[in-house]
Amino acid sequence: MNKQNKTMTAMLEVLEEIGDKDCYDKISESIKPRELTKSDYERVYGVQMKDLRCMITGISHASLIAGAPTSQIPKNPVTLAHLLACNADAKERLSLGYTRADIESIRNSILLCTGIEEAYNHKYLLFVPSENPFSSNRYNLHVWVDAIRSEPIYEGSTQTIGSFDGMALNLQ
């Protein structure tokens, strides 16, 4: 009976978190978490948007302009990605001990080039622990789906996602 009480208590906590008061009804979430923006990142960390760098490639909008001032520069080569997806359901969040506020937190984000971010969102690549877990670069990019290796890291780039396979995720 004690195990049933613990299960019911955990279930009621999830239902309360998502605003569903009827535990016999279908568990659903009608309120989508707030999307994070680069302005949120700029406000929290004090880095101007043009200087936000991809945590894999090191590319920023400012560095692209400085490197090729006469070339066509993409509008947004770097974007914010959620570590735990913003559409993670209550069961996924509960298994990790996350609340909706944790998902909406800027700490649940990393900066990636748009092509890498899109592949990450589709789970075509991920970040695996490095050989040295005590270094500042504890995770490396790993491409799971070979078909994306030849995809550009952002629209118009000549660099491909595959050329960054094994690169460290720079969290500094």
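Preceding this section is the structure that the text describes.
Only a predicted model underlies this, so the values are computations on that prediction, with no experimental measurement involved.

Parameters at a glance
Residues numbered from 1 in each chain as written. Predicted model: local features only at pLDDT ≥ 70, side-chain atom pairs only at ≥ 80, totals over all residues. Heavy atoms only, no water. Helix = DSSP H or I, 4+ residues; strand = E, 2+ residues; numbered from the N terminus. Buried < 20%, exposed > 50% of the residue type's maximum accessible area, 1.4 Å probe, protein only. Contact = heavy atoms within 4.5 Å. Areas by Shrake-Rupley, 256 points an atom, 1.4 Å probe, with all protein chains shown as cover. Salt bridge = Lys/Arg side-chain N within 4 Å of Asp/Glu carboxyl O. 1 Å grid on protein atoms, 1.4 Å probe; cavity = no way out; pocket = protein on both sides within 12 Å on 5 of 7 lines; lining within 4 Å. Points joined across faces, edges and corners; volume = space filled by probe spheres on them. Nonpolar A, V, L, I, M, F, W, Y, C, P; charged D, E, K, R; others polar. Polar contact = N/O pair within 3.5 Å; in protein donor to acceptor, adjacent residues only side chain to side chain. Core = buried A, V, L, I, M, F, W, Y, C linked by side-chain atoms within 4.5 Å.

**Student:** Whenever I open this one, the overall build of the chain confuses me. Can you help?
**Tutor:** A tally of regular secondary structure across the chain gives six helices and four strands. The linear arrangement of helices and strands in the chain, starting from the amino end, is α-α-α-β-α-α-β-α-β-β. The proportion of buried residues among the 172 residues of the chain is 32%. At a minimum sequence separation of 6, the contacts of the chain that also span at least 24 residues come to 57%. Surface summary for the chain: the accessible area is close to 11,200 Å², and the carbon and sulfur share equals 52%.

**Student:** Explain unusual backbone geometry to me, please; I cannot follow it from the model alone.
**Tutor:** Apart from glycine, the bulk of residues carry a negative phi angle, and the bulk of peptide bonds sit in the trans form. A positive phi is found at Lys123, a non-glycine position, where the angle reads about 65°. Structurally, Lys123 is set in the loop between α6 (114-121) and β3 (125-129).

**Student:** Hey, could you run me through the pattern of salt bridges in this one?
**Tutor:** Think of it this way: side chains of opposite charge can pair up when their charged atoms draw near. In this structure the tally under the stated criterion is two salt bridges. Of the charged contacts, one joins Asp146 and Arg149 as a salt bridge, the two residues approaching to 2.8 Å between their closest N and O atoms. Residue class for Asp146 comes out exposed when judged on its relative accessible area of 55%. The exposure class assigned to Arg149 is partly exposed, which follows from its relative accessible area of 27%.

**Student:** Just to check I follow, could you spell out the layout of surface pockets for this structure?
**Tutor:** One water molecule sets the probe size; rolling that probe over the atoms shows where empty space is left. The computed volume of the largest pocket comes to approximately 550 Å³. What lines the largest pocket is a set of 26 residues, among which Met55, Ser109, Ile110, Asn170 and Leu171 lie closest to the centre. Elements with a contribution of two residues or more to the lining of the largest pocket: α2 (38-45) and β2 (109-113). Per-element tally for the lining of the largest pocket: the top contributor is β2, with three residues. For the lining of the largest pocket, a count of residues per class yields 17 nonpolar, six polar and three charged. Space inside the second largest pocket adds up to approximately 430 Å³. Taken together, 16 residues line the second largest pocket, and the ones lying closest to its centre are His82, Leu84, Ala85, Asn121 and Lys123.

**Student:** Before we go on, may I ask you to explain the side chain of Asn108 in this structure?
**Tutor:** By secondary structure assignment, the location of Asn108 is in the loop between α5 (100-104) and β2. At a separation of 2.9 Å, a polar atom in the side chain of Asn108 contacts the main-chain amide nitrogen of Leu84.

**Student:** Teacher, can you tell me more about the nonpolar core here?
**Tutor:** It is characteristic of soluble globular proteins that their nonpolar side chains tend to be buried jointly. Among the nonpolar cores identified, the biggest contains 28 residues, and Ile56, Leu112, Ile116, Leu125, Phe127, Ile153 and Ile161 are the most heavily contacted of them. Of all elements in the fold, only β1 (78-82), β2, α6, β3 and β4 (139-143) reach the threshold of two or more residues within this core. At four residues, the largest contribution of residues to this core is made by β2. Apart from the residues lying within four places of it in its own chain, the contact partners of Ile161 are Gly115, Ile116, Ala119, Leu125, Leu141, Val143, Ile148, Arg149, Glu151, Pro152 and Ile153.

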